[in-house]
Amino acid sequence: MADEELAREVQELRKALEELRESFAVVSQMAQAYLRLINLYAQYGGLGIEVAVPEVTDPIAREIVRILFDLKRANVSQIARELKGRRGKASRNTVRAKLRELVELGIVVEVPGERGKAYALSKRVVKRWLELIGMPIRFDQTNDY
């Protein structure tokens, strides 16, 4: 009887130890992600989406990237309206031209919208951003992008 009780207690201890190891692994990943964020902040002075797409140097195109990051997907009129609210002025022709450039760079993709064509950040850009900030999100787990 004592041997069975001892074996059960050892088994319970092994289970508790394994749970502690798993918890430590999660805490370790979180600490690494936190340090990565602090390093990015120190290196770039901020943590915006533009850190993930440094190839976008034009201020209007950069703001469009931020808008798409916030809205997930939008048509030209929605982007122009949001851009006007953020910058004080915007034209749909300028937005269209910048979107063409962003599509050519592979930063933005055309997606079906409620009323025709809409735009969203490419999965490559979103994945790069998530990796940069240390978020272990897989695209097969989300329908957002």
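Quick notes on the rules
Sequence order as written defines residue numbering, which begins from 1 separately in each chain. Given that the model is predicted, a residue must reach a pLDDT of at least 70 before its local features are reported, and side-chain atom pairs must reach 80 or more before they are shown or counted; all residues, however, enter totals for whole chains, interfaces and linings. The side-chain quantities take in all heavy atoms of the structure and omit both hydrogens and water. With axes taken as lines fitted to C-alpha atoms, and helix axes fitted only over the stretch in contact, angles between N-to-C directions fall between 0 and 180 degrees. Secondary structure is summarised from DSSP: a helix means a run of H or I of at least four residues, a strand means a run of E of at least two, and numbering begins at the N terminus for each. Convention used here: angles under 35 degrees read as roughly parallel, angles over 145 as roughly antiparallel, angles from 65 to 115 as roughly perpendicular, and any remaining angle as oblique. Whether two residues are in contact is decided by their heavy atoms, any of which lying within 4.5 Å being enough. By the convention adopted, Pro, Cys, Tyr, Trp, Phe, Met, Ile, Leu, Val and Ala count as nonpolar, Lys, Arg, Asp and Glu as charged, and the other residues, Gly among them, as polar. What makes a salt bridge here is a side-chain nitrogen of Lys or Arg within 4 Å of a carboxyl oxygen of Asp or Glu, nothing more. Under the scheme applied here, a residue whose accessible area is under 20% of the maximum for its type counts as buried, over 50% as exposed, and between as partly exposed, the area being computed with a 1.4 Å probe on protein chains only. Surface patches are defined over residues having more than 30% relative accessible area and no salt bridge, joining like charges when they lie within 9 Å and nonpolar side chains (Val, Leu, Ile, Met, Phe, Trp, Tyr) when within 5 Å. Residue burial considers only the protein chains on display, and all accessible areas are found by Shrake-Rupley using a 1.4 Å probe.

Now for the packing of helix α2 (residues 59-71) against helix α4 (residues 92-104). When two helices pack together, their arrangement is given by the angle between their axes and by how far apart the axes lie. As a packed pair, α2 and α4 sit with axes 10 Å apart at the nearest point and diverge in direction by 80°. Relative to α4, α2 is oriented roughly perpendicular. Within the contact between the two elements, α2 uses I60, A61, I64, V65 and L68 and α4 uses T94, V95, K98, L99 and L102. For the contact of α2 with α4, the class distribution of residues is eight nonpolar, one polar and one charged.

Quick look at the pattern of salt bridges now. Considering all chains together, one arrives at nine salt bridges under this definition. For the salt bridge of R8 with E12, the shortest nitrogen-to-oxygen distance reads 3.5 Å. Highlighted residues: R8 and E12, both in helix α1 (residues 2-44), separated by four residues, approximately one helical turn. With a relative accessible area of 46%, E12 lands in the partly exposed category. A salt bridge links R86 to E82; the nearest nitrogen and oxygen atoms lie 3.0 Å apart.

A separate point is a nonpolar patch on the surface. Where nonpolar side chains cluster on the molecular surface, the patch consists of Y34, L35 and I38 and spans about 330 Å² of accessible area. The topology assignment puts Y34 in helix α1. Relative accessible area serves as the criterion here: at 54%, Y34 is assigned to the exposed category.

Nothing here speaks to function; it is all geometry.
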